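Residue-level listing of the chains:
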Amino acid sequence: MLFPNAFSPNNDGINDSFIIERLNPEYYNKSYFTVYNKWGNVVYSNGNYGLNGVWWRGESSLSGDRLPDGVY
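What counts, and at which threshold
- Residues numbered from 1 in each chain as written.
- Predicted model: local features only at pLDDT ≥ 70, side-chain atom pairs only at ≥ 80, totals over all residues.
- Heavy atoms only, no water.
- Helix = DSSP H or I, 4+ residues; strand = E, 2+ residues; numbered from the N terminus.
- Rg over C-alpha atoms; globule rule 2.2 N^0.38 Å.
- Buried < 20%, exposed > 50% of the residue type's maximum accessible area, 1.4 Å probe, protein only.
- Contact = heavy atoms within 4.5 Å.
- Areas by Shrake-Rupley, 256 points an atom, 1.4 Å probe, with all protein chains shown as cover.
- Pairing = 2+ DSSP bridges.
- Phe/Tyr/Trp six-rings, centres within 6.5 Å; stacked < 30°, edge-to-face > 60°.

A.B. asks: Break down the overall build of the chain for me, with residues and values.
C.D. replies: Helix and strand content of the chain: zero helices and two strands. For the chain, the C-alpha radius of gyration of 12 Å lies close to 11 Å, the compact-globule estimate for 72 residues. Overall, the C-alpha framework of the chain stretches about 35 × 25 × 20 Å when taken along its three principal axes. Taking all 72 residues of the chain together, the buried fraction comes to 31%. Look at the contacts in the chain between residues 6 or more apart in sequence, and 31% of them connect residues 24 or more apart. Roughly 5,200 Å² of accessible area belongs to the chain as shown, and the carbon and sulfur atoms make up 50% of that amount.

Okay, here's the thing in C-alpha cells:
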C-alpha cells in the first residue's frame, strides 16, 4: 500500500482527499483510520475507511466541519 505524507483539502481538485492506494474491499474487509491532532485528540475516525468509498477530506468526523490547517 502507498500512504501519502501530505494532502491539501482546499477543493482545487488536486490532492483533496487522503487516499490510501490499493486499499480495496476485494482484499480487505476492515480498515480503521483515525486522525489525531497535535494534542492527541481524535478529530476523525472511520471504521470502514476507503472500503466504503469515503476518504478523509480534512473534516471532523464529530461535527463534519473542515479542520484548520495544522499538524495531524
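A.B. asks: Quick one: what's the story with the pairing of strand β2 (residues 42-46), residue by residue and with numbers?
C.D. replies: Pairing of strand β1 (residues 33-36) with β2 involves four bridges; the strand directions are antiparallel. Residue pairing for β2: threonine 34 is matched across the bridge by serine 45.

A.B. asks: Describe the side chain of serine 60, listing the residues and the values that go with them.
C.D. replies: Of note, serine 60 is situated in the segment after β2. Overall, serine 60 belongs to the buried group, its relative accessible area being 9%. If we skip the residues at most four places from it in the chain, serine 60 touches Val43, Asp65 and Leu67.

A.B. asks: Describe the pairing of β1, naming the residues involved and giving the relevant values.
C.D. replies: Here β1 shows one buried face, formed by Phe33 and Val35, and one open face, formed by Thr34 and Tyr36. Connecting the antiparallel pair β1 and β2 is a turn made up of five residues, with glycine 40 showing a positive phi of about 85°.

A.B. asks: Can you lay out the packing of aromatic side chains for me, pointing to particular residues and giving the numbers?
C.D. replies: Evaluated as defined, the whole model comprises eight aromatic pairs. Taking the centre distance of 4.1 Å and the plane angle of 20° together, the rings of phenylalanine 33 and tyrosine 49 count as stacked. Placement of phenylalanine 33 in strand β1 and of tyrosine 49 in the segment after β2 is noted, with a sequence separation of 16 residues between them. Note on accessibility: phenylalanine 33 and tyrosine 49 belong to one class, buried. Measuring from centroid to centroid gives 5.2 Å for tyrosine 49 and tryptophan 55, while their planes differ by 85°, and the two rings are edge-to-face. The same class applies to tyrosine 49 as to tryptophan 55, namely buried.

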